[in-house]
Amino acid sequence: MRIGQWLAASILCLLAATAHAHAHLTDSDPREGSAGKAPAQIVLTFSEAARLTALTLQKEGAEVRKLAPPTVTGMRLTVLLPALAAGRYVLGWRVVGNDGHVTSGALHFTVVEPTAAGAHPSHRAV
Amino acid sequence: MSVDTLSVTLRALAFVALFQAGGTVLFLAFHENELPATGRLLRRAGILSALLAAILLLAQYLLEAARMSGEFAGALDPTLQGLALGSAASVSLSWRLLGLLLITVGLRRRGAESTLGVIGVVILLAAFTFVGHTSTGVRRWLLSPLLLVHLSVVTFWFGALLPLYLISLREPVETSVRIVMQFSRRAVWLVPGLFIAGLTLAAGLLPNFAALGTPYGVLLIAKVTGFCVLMLFAALNKWRFGPALRTGKPEAGRRFRKALAAEFGLIAVILGVTAVMTTFYSPES
């Protein structure tokens, strides 16, 4: 009887078709630790299709700002940014993969050349 | 306490409760007829563990929406709850709850219903292979069964510690000694299987040797170190404290139970490390 049960379990695990591992960040634009012109957007690339569920942006020495995450699911997710002044920033993100696993991380970048006035519309802050 | 900390704490406690419930079923499947003074108590302990595991799993699942937002308020967000509900994690949770239900029913009485408990354990453990790192990629055909072997031995080992503790307190000396020796004989074959399956899993999951330096790798090393210490306690029980029970001296029983309690505590810590490792980190990242 026990052998039959173990066999059933093996079949069950082989048939589980909806399985995925955690989504993790594989690339970003701008890159982690980069410095340069204020980006109008950030592109986050994940190891598998994921959906952003929380986004925060914090300038060094300033309050954390919540940003509205895009509601699409994909491996490459684009985050629109508000106008940025010169300084060091941390973009905090949380994503949920197809398996429901939540992963979080942070992207650090430095703005050397701030956003020109009227260069791009401010992102809707939550 | 942050939402992440609470979530991983619930997950770790759920691991402890569900392996205890499953292990109690396996232990009773082997020994129930030999335990007139402890069998009923063990069945109750198993049922309690299964119910506790179900509550902890549900609480952790409900908190997933909060983890998605990074705030407790997220638990009330219908969009995020919808994301959690539509995920494979909810499928896995359903199977785990079914497994725990069967365990509870199976432990209610002896005889035919106890088979339900064993089926419940199989379902409970198989549900681990539906999500997570072993369930993806081309080597899944190897990693999922290996995980199943690994978890089965953990269940057998961890779940036997409380029964052995209670038996050494409540059953006659000769019964205690006989069951401890039987357990040790099985463990000699099974525990190396746990280690080999664990190592093979690690080799299959980690992309390269350097990944041992990542948080996932460091926690994996912590688990292996914990396992080595555990082997020390297991060896003491097998060759020293277990056989010493034959003397019938109260001191021998106390030493044996202390070593069992240490093993229990250490495995619980390893399960906690596993919860942190599998919640926050990925072998590839």
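Q: What should I look at first to understand the overall build of chain B in this one?
A: Across its full length, chain B holds 10 helices and 0 strands. When the helices and strands of chain B are placed in sequence order, the string is α-α-α-α-α-α-α-α-α-α. Its C-alpha atoms give chain B a radius of gyration of 19 Å, within 12% of the compact-globule value 19 Å for 285 residues. Seen along its three principal axes, the alpha-carbon backbone of chain B occupies a region of about 60 × 45 × 40 Å. By the burial criterion, 48% of the 285 residues in chain B qualify as buried. Excluding contacts between residues fewer than 6 apart, the proportion of contacts in chain B whose partners are at least 24 apart in sequence is 72%.

Q: In this structure, what is going on with the nonpolar core? I would like to understand it.
A: Side chains of a nonpolar character, in soluble globular proteins, are inclined to be buried together. Within the largest apolar cluster, 109 residues are counted, with the highest numbers of intra-cluster contacts made by B:A14, B:L18, B:A53 and B:I103. Discounting residues that sit within four places of it in the chain, B:A14 has contacts with B:A53, B:L56, B:L57 and B:Q60.

Q: Where do I start with the confidence of the model for chain B in this structure?
A: Caution is warranted with low-pLDDT regions, since their predicted coordinates should not be read in detail. Summary statistics for chain B give a mean pLDDT of 89 and a share of 95% for residues scoring 70 or more. Interface confidence in the predicted complex, given as ipTM, is 0.73; pTM for the same model is 0.84.

Q: Please clarify how the environment of B:I47 should be interpreted in this entry.
A: Residue and element names in this part refer to chain B. Within the fold, I47 resides in helix α2 (residues 39-62). We classify I47 as buried; it has 20 C-beta atoms within 10 Å. Through-space distance from the C-alpha of I47 to that of L85 is 27 Å; in sequence the pair is 38 residues apart. The residues touching I47, leaving out its near neighbours within four places in the chain, are T104 and L107.

Q: Any chance you could explain the environment of B:V3 here in plain terms?
A: Residue and element names in this part refer to chain B. The topology assignment puts V3 in helix α1 (residues 3-31). Residue class for V3 comes out buried when judged on the 21 C-beta atoms lying within 10 Å of it. C-alpha separation for the pair V3 and R67, spaced 64 residues apart in sequence, amounts to 6.0 Å. Residues within four places of V3 in sequence aside, it is in contact with L63, A66, R67, G70, E71 and F72.

Reading guide: rules and limits
Residues numbered from 1 in each chain as written. Chains lettered and ligands numbered in written order. Predicted model: local features only at pLDDT ≥ 70, side-chain atom pairs only at ≥ 80, totals over all residues. Helix = DSSP H or I, 4+ residues; strand = E, 2+ residues; numbered from the N terminus. Rg over C-alpha atoms; globule rule 2.2 N^0.38 Å. Buried ≥ 20, exposed ≤ 12 C-beta atoms within 10 Å, placed from the backbone. Contact = placed C-beta atoms within 7 Å. Core = buried A, V, L, I, M, F, W, Y, C linked by C-beta atoms within 7 Å. pLDDT = per-residue confidence, 0-100.

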